[in-house]
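One-letter residues, chain by chain:
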Amino acid sequence: MQYAYKKLKGRIKEVFGTQAAFAESVGLSKNSVSKKLTGKTEFTQSDIEKWAKLLNIERKDFGEFFFM
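Overview of the structure. Note that the coordinates shown come from a computational prediction; the quantities given were computed from them, not determined experimentally.

Turning our attention to the nonpolar core. Note that soluble globular proteins tend to have their nonpolar side chains buried in a common cluster. The biggest cluster of nonpolar side chains holds 17 residues, and the ones touching the most others in it are Leu8, Leu37, Phe43, Trp51, Ile57 and Phe66. Listing elements by their share of this core, those giving two or more residues are α1 (6–16), α2 (19–26), α3 (30–37), α4 (45–54) and α5 (62–66). With sequence-adjacent residues up to four places away left out, Leu37 is seen in contact with Tyr5, Leu8, Lys9, Ile12, Gln19, Phe43 and Trp51.

We now examine the side chain of Asp61. Relative to the assigned elements, Asp61 resides in the loop between α4 and α5. Classification of Asp61 by relative accessible area gives buried; the value is 18%.

Right, let's get into α3. When α3 is considered as a whole, its buried residues turn out to be Val33, Lys36 and Leu37. What you see down the axis of α3 is that its buried residues fit within an arc of 95 degrees, all on one side. In this fold, the buried residues of α3 make contact with α1, α2 and α4. Just past α3, the residue Gly39 takes up positive phi, approximately 80 degrees.

Another point: the packing of aromatic side chains. The tally for this structure, following the rule as stated, stands at eight aromatic pairs. With a centroid separation of 5.2 Å and 65 degrees between ring planes, the pair formed by Tyr5 and Phe43 is classed as edge-to-face. Highlighted residues: Tyr5 in the segment before α1 and Phe43 in the loop between α3 and α4, separated in sequence by 38 residues. What makes Phe43 buried here is its relative accessible area of 14%. By way of ring pairs, the aromatic residues Tyr3, Tyr5, Phe16, Phe22, Phe43, Trp51, Phe62, Phe66 and Phe67 are connected into one cluster. Lying over the aromatic face of Phe65, Lys7 brings its terminal NZ or CZ to 5.0 Å of the ring centre. Its end group placed over the ring of Phe43, Lys36 keeps NZ or CZ at 5.7 Å from the ring centre.

Reading the values: rules and limits
Residues numbered from 1 in each chain as written. Predicted model: local features only at pLDDT ≥ 70, side-chain atom pairs only at ≥ 80, totals over all residues. Heavy atoms only, no water. Core = buried A, V, L, I, M, F, W, Y, C linked by side-chain atoms within 4.5 Å. Buried < 20%, exposed > 50% of the residue type's maximum accessible area, 1.4 Å probe, protein only. Helix = DSSP H or I, 4+ residues; strand = E, 2+ residues; numbered from the N terminus. Contact = heavy atoms within 4.5 Å. Arc of directions from axis to C-beta. Phe/Tyr/Trp six-rings, centres within 6.5 Å; stacked < 30°, edge-to-face > 60°. Lys NZ or Arg CZ within 6 Å of the ring centre and 35° of its normal.

In structure tokens, the structure reads:
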């Protein structure tokens, strides 16, 4: 299944300014973040929880950001 991460990308830009700054904060390479946001690699549950915490996304809103 292919997911669209437009809202998640927008939140990253809103909070961190760039994907590169976010990648550094989350402890991943820019390439790894890009692959997740383009659907080339999947998110783990741990990824979702960590990203949500850094991006101030509440658990009730996970679907809007990670499963569209």
